[in-house]
Amino acid sequence: MFRWSQVGDVWRVQDGPHWFDISATDTCFRVRSNVDESAFRSLFRMDVDHAAMYGGIIKRGPELQEHLGSLNGLRMMRPFSATETLMSFLCTSNNHIARIKTMVGTLAGYGVPTEVGYAFPEAEVIASVSETELRAKGFGYRGASIPKAAAMIADWGGEASLQSLKQQEFGAVRERLLGLPGVGPKLADCILLFALDFGESVPIDTHIWQALTRLYFPEWSNTDLTHKKYEASAEFFRARFGEWAGVAHQFLFVDNMLNWRERKKESALGTSVDSD
DNA sequence: TACGGACCTTTC
DNA sequence: AAAGGTCCGT
């Protein structure tokens, strides 16, 4: 989710038409929102038995025990808006967080105002924006794929059609998503996991690739992630953690992200042949 | 079928 | 130089 912001001691997150202002006291969280408590509970997966899930993950993969311990309380989000999630991930390819947040904020700006910001627009609205306009606003080459993908989604039936994909088979939905311009294997898996709640999905980005090679495929350390290696390692991880693979992946991601600089140095030391 | 580059722009 | 990759050509 790329529309988090901090306003004083209040954390704000916007999700499609929803917004939440969250502040913490010693004993609880106080939440102000334009929707009811059930939406907040769904967003943070409060319906999930996390103790059982942690136990299950550690049983299948003891190597993740330290990750789960040091990041205890980490929650994967369950966004309400599949449209916003999909459009957001279209902004992420070959890109960095700061710029992605700006771009998602720009897309949200095409929606209707709320008390605190904007409701993320329907795909149909984004489809009506020109490539030229998005390029002028700093989207680069993604300015071409975003409206095209939005037009296809609008043609499918918009948000409701995306929600209906949740009832279909993993592989079939993945193929469908891969048909969208700008969506390759990694984005398809992100959309499956975060927008459509397919827990078995394993998105492999640069961070996860580092973690996977370190833990499971040392012979592939410091090699490029090719399509073949992508599918092989994702399938391995899915077989290991099943419906919890996505959550397990999230712990690896955050751990690697937090130790990003450090890891990069270590990696550079190991392959310093071409560095000056 | 499997790599190698180009691709927009910003940040470190 | 690299960033929460994808696409096209060889």
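Residues numbered from 1 in each chain as written. Chains lettered and ligands numbered in written order. Predicted model: local features only at pLDDT ≥ 70, side-chain atom pairs only at ≥ 80, totals over all residues. Heavy atoms only, no water.

Peer 1: I keep staring at the packing of helix α10 (residues 170–178) against helix α11 (residues 185–195) and nothing clicks. Help me out?
Peer 2: When two helices pack together, their arrangement is given by the angle between their axes and by how far apart the axes lie. Two elements in contact, α10 and α11, have axes whose closest approach is 9 Å; the angle formed by their N-to-C orientations is 125 degrees. Overall, the two elements α10 and α11 adopt an arrangement that is oblique. Crossing of α10 against α11: the hand is right-handed. Only Pro 185, Ala 188, Asp 189, Ile 191 and Leu 192 of α11 make contact with α10, whose side of the interface consists of Phe 170, Val 173, Arg 174, Leu 177 and Leu 178. Here the contact of α10 with α11 is built from residues that sort into eight nonpolar, no polar and two charged. (Axes fitted to C-alpha atoms, helices over the stretch in contact; angles between N-to-C directions. Helix = DSSP H or I, 4+ residues; strand = E, 2+ residues; numbered from the N terminus. Parallel < 35°, antiparallel > 145°, perpendicular 65-115°, else oblique. Left-handed = near helix turned anticlockwise from the far one by under 90°. Contact = heavy atoms within 4.5 Å. Nonpolar A, V, L, I, M, F, W, Y, C, P; charged D, E, K, R; others polar.)

Peer 1: Would you take a moment to explain the pairing of strand β3 (residues 18–24) for this structure?
Peer 2: Where a strand is regular, its side chains alternate between the two sheet faces. β3 sits mainly inside the fold: six of its seven residues count as buried. Of the strand pairs in this sheet, strand β2 (residues 10–15) and β3 are connected by five bridges, and their pairing is antiparallel. Bridge pairing in β3 places Gln 14 opposite Trp 19. The sheet contact formed by β3 and strand β4 (residues 29–33) spans five bridges and is antiparallel. (Buried < 20%, exposed > 50% of the residue type's maximum accessible area, 1.4 Å probe, protein only. Pairing = 2+ DSSP bridges.)

Peer 1: Just checking my understanding: could you explain the packing of helix α4 (residues 82–90) against helix α8 (residues 142–156) for this structure?
Peer 2: At a minimum axis distance of 10 Å, the contact between α4 and α8 shows a crossing angle of 155 degrees. Judged on the interaxial angle alone, α8 and α4 are roughly antiparallel. For the pair α4 and α8, the crossing hand works out as right-handed. Contacts between α4 and α8 involve Leu 86, Met 87 and Leu 90 from the former and Arg 142, Ile 146, Ala 149, Ala 150 and Ile 153 from the latter. Here the residues of the contact of α4 with α8 sort into seven nonpolar, no polar and one charged.

Peer 1: Honestly, the sheet that holds β4 in this entry has me stumped. Any pointers?
Peer 2: Hydrogen bonds between backbone atoms are what pair the strands of a sheet, whose relative direction is either parallel or antiparallel. Across the sheet, which stays open at both edges, the four strands sit in the order β1-β2-β3-β4 with antiparallel pairing between neighbours. The open sheet has two edge strands, β1 (4–7) and β4, and neither has a second partner. For this sheet the average axis-to-axis angle between neighbouring strands, irrespective of direction, equals 25 degrees. Direction of pairing for β1 relative to β2: antiparallel, over a ladder of four bridges. From the neighbouring strand, Trp 4 faces β2, where its bridge partner is Val 13.

Peer 1: Even after reading the chapter, I still don't get the protein's contact with DNA strand B, so can you show me in this structure?
Peer 2: Residues in close proximity to DNA strand B total 12 residues, the closest being Asn 94, His 96, Arg 99, Tyr 141 and Arg 142. Arg 99 places a polar side-chain atom, nitrogen or oxygen, 2.7 Å from a base oxygen of DNA strand B. In this structure, a base oxygen belonging to DNA strand B sits 2.9 Å away from a side-chain N or O atom of Arg 142. Considered class by class, the residues forming the surface near DNA strand B number two nonpolar, five polar and five charged. (Near = heavy atom within 4 Å. Polar contact = N/O pair within 3.5 Å; in protein donor to acceptor, adjacent residues only side chain to side chain.)

Peer 1: Would you explain unusual backbone geometry in this entry?
Peer 2: With the exception of glycine, most residues fall at negative phi, and the peptide bonds are largely trans. Despite not being glycine, Arg 45 has its phi angle at roughly 55 degrees, a positive value. The topology assignment puts Arg 45 in the loop between α1 (37–43) and α2 (50–60). Phi at Asn 222 takes a positive value of approximately 60 degrees, unusual for a residue other than glycine. One can find Asn 222 in the loop between α12 (206–215) and α13 (227–241). Asn 222 gets classed as exposed once you look at its relative accessible area, which sits at 51%.

Peer 1: What's the story with the pattern of salt bridges in this structure? I'm lost.
Peer 2: If charged atoms from side chains of opposite charge come close, those side chains can pair. What the rule picks out here adds up to 14 salt bridges. Arg 78 is the partner of Asp 197 in a salt bridge, and the nearest nitrogen-oxygen pair spans 3.2 Å. Of this pair, Asp 197 sits in the loop between α11 and α12 while Arg 78 sits in the loop between α3 (65–70) and α4, placing them 119 residues apart in sequence. Residue class for Arg 78 comes out buried when judged on its relative accessible area of 15%. (Salt bridge = Lys/Arg side-chain N within 4 Å of Asp/Glu carboxyl O.)

Peer 1: Explain the protein's contact with DNA strand C here, please?
Peer 2: Taken together, 20 residues are adjacent to DNA strand C, and Asn 95, Ile 97, Gly 182, Gly 184 and Leu 187 come closest. Atoms of DNA strand C within 4 Å of the protein belong to the sugar or the phosphate in 60% of instances, the rest to bases. Separating a sugar or linking oxygen of DNA strand C from a backbone N or O atom of Asn 95 is a distance of 3.2 Å. In the model, a base nitrogen of DNA strand C is placed 3.0 Å from a nitrogen or oxygen of the Tyr 141 side chain. Where the surface near DNA strand C is concerned, the elements lending two or more residues are α11 and α12. Ranked by residue count, the leading element in the surface near DNA strand C is α11, at three residues. Split by residue class, the surface near DNA strand C holds nine nonpolar, nine polar and two charged.

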